[in-house]
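The primary structure of each chain is shown beneath.
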Amino acid sequence: MPDFIVTPWEVSGEVDYDLLIKEFGIEPIDEKLLFYFKEITNEIHPFLRRKVFFAHRDFQWIIEEYKKGNPFYLYTGRGPSGNVHLGHLLPWIFSKWLQEKFNVELWFQLTDDEKFLFNQSISLEETHKYAYDNALDVIALGFNPKKTYIFSDIDLAGTLYRNALKIAKKITFSTVKATFGLDNSSNIGQIFYTSIQTVPAMLKSMIEGKNVPCLIPLAVDQDPHFRLSRDVLPKLGFYKPALIECVFLPNLQQGGKMSASVEDTAIFTKDKPDTVKKKVNNAFTGGQANAKLQRELGGNPSVCSVYKYHFMLFTLDDNELRSIQSKCIGGELLCGECKKDLIQKINKFLNEHQKQREKAKDIFEDYLLKEKVDLKYLINEKNKETH
Ligand code: TRP
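Side note on the site of the ligand
So, point 1. What surrounds the ligand is a group of 14 residues, the closest being Tyr75, Gln109, Glu114, Gln197 and Gln222.
So, point 2. Side-chain polar atom of Tyr75 to a nitrogen atom of the ligand: 2.9 Å apart, as the coordinates give it.
So, point 3. Gln197 has a polar side-chain atom sitting 2.9 Å from a nitrogen atom of the ligand.
So, point 4. Burial of the ligand by the protein amounts to 91% of the accessible area it has alone, namely 370 Å².
So, point 5. Of all the elements in the fold, those that place two or more residues in the shell around the ligand are strand S5 (73–78), helix H6 (112–118) and strand S8 (214–219).

What follows is the structure, given as structure tokens:
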């Protein structure tokens, strides 16, 4: 038995991503695929080069369709149960890059309903409030307002529900139990919920009255939802959504993902410079017990959480990263310095992010997708055929 757990509601332990590829039946992203992809984008995002995005379903197909003149749209989301931390930003930063490279739409779902149903200690009012608060972090990343639609499940309920019904009718309770590990003690909202998360993968096709390919950047824990989407949507006459999946940003201690519930080991987008400094200075490293030993023996970046932050988010320049790595191993770079460098980089990023987050309050409406009569009642030919 592996000693880690990855489900949409729980991630714990040291995740073995190679094992997960086998368990989930996802495809690794290999050099051949990246080469093919690069023909369009001209460059490979460091997240791809460094296998932060490490697996996919039908990614090649999405690119083939694009090359044929059949472009896709992006869909991703956030379960708003608290403040946003750096780990949440990985799929969003990548989505922003994809949006720019391909000049495509992003549909962004805020699942206030989900977090209420799955989290015993939070009220619906709170998750709804967090939905719009968290949306500011999304907007702060600079998505194109003309091509980005952000919505709360509760506020877009009419549109979502009328489409979710068609999906729900094609999924049995036993499938939901097997896919998510729910049981007879689960509340009945939890059983229905996955159908709501599938809707945005077909919504644009519904609205346009023709099939539009959908690409979903996501953290790998969300894969089970879209395994079901990929099963059901073809039965309703839609394409299967394609997926591109990333690893979790580890927490600042040893192993495990960054989790909002362990405050001191996660860095939140609202954290002040002093808080960041304190958290990084307390981080688990691959360093030796003291400076003398470190100079003699060198450190071990492969187990170091500080190095992982450089690697995944804050030192995206390959030469600079290589230099950190080799100086650490060679005993030239001490943990204190390396942490100082990371603290500076994180605070620079957060300073800009927090400014943009404030500005986002004024332009929020430009992104917000509201329940509209034309959207809700748009019934096209395909819609009529799906009973
Ligand atoms: N369920 C996700 C979460 O808890 C939120 C979400 C909704 C999502 N739709 C998505 C995430 C699509 C990735 C892709 O965070």
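A word on the pattern of salt bridges
So, point 1. Under the defined criterion, the tally for this structure stands at 22 salt bridges.
So, point 2. With a closest N to O distance of 2.8 Å, Asp223 and Arg57 form a salt bridge. Of the two residues, Asp223 sits in helix H12 (residues 223–232) while Arg57 sits in strand S4 (residues 53–57), which places them 166 residues apart along the sequence.
So, point 3. For Asp223, a relative accessible area of 0% translates into the label buried.
So, point 4. Ionic pairing is found between Lys204 and Glu105, a salt bridge with its closest N-O pair at 3.1 Å.

Brief notes about the confidence of the model for the protein chain
So, point 1. Per-residue confidence for the protein chain averages 93 on the pLDDT scale, and 95% of its residues sit at or above 70.
So, point 2. Under a pLDDT of 50 for its full length, residues 376–387 has, in the predicted model, 22 contacts with residues more than four places off or in other chains.

Observations concerning the domain arrangement of the protein chain
So, point 1. What the domain assignment reports for the protein chain is domain 1 (5–246) and domain 2 (263–365).
So, point 2. Here the C-alpha centre of domain 2 lies 28 Å away from the C-alpha centre of domain 1.
So, point 3. Counting from both sides, the interface comprises 20 residues of domain 1 and, opposite them, 26 residues of domain 2.
So, point 4. Counting each side, the surface lost to burial between domain 1 and domain 2 is near 2000 Å², with a carbon and sulfur contribution of 68%.

The rules behind these values
- Residues numbered from 1 in each chain as written.
- Predicted model: local features only at pLDDT ≥ 70, side-chain atom pairs only at ≥ 80, totals over all residues.
- Heavy atoms only, no water.
- Near = heavy atom within 4 Å.
- Polar contact = N/O pair within 3.5 Å; in protein donor to acceptor, adjacent residues only side chain to side chain.
- Areas by Shrake-Rupley, 256 points an atom, 1.4 Å probe, with all protein chains shown as cover.
- Helix = DSSP H or I, 4+ residues; strand = E, 2+ residues; numbered from the N terminus.
- Salt bridge = Lys/Arg side-chain N within 4 Å of Asp/Glu carboxyl O.
- Buried < 20%, exposed > 50% of the residue type's maximum accessible area, 1.4 Å probe, protein only.
- pLDDT = per-residue confidence, 0-100.
- Contact = heavy atoms within 4.5 Å.
- Domains from an automatic or database assignment.
- Buried area = accessible area lost by both parts, 1.4 Å probe.

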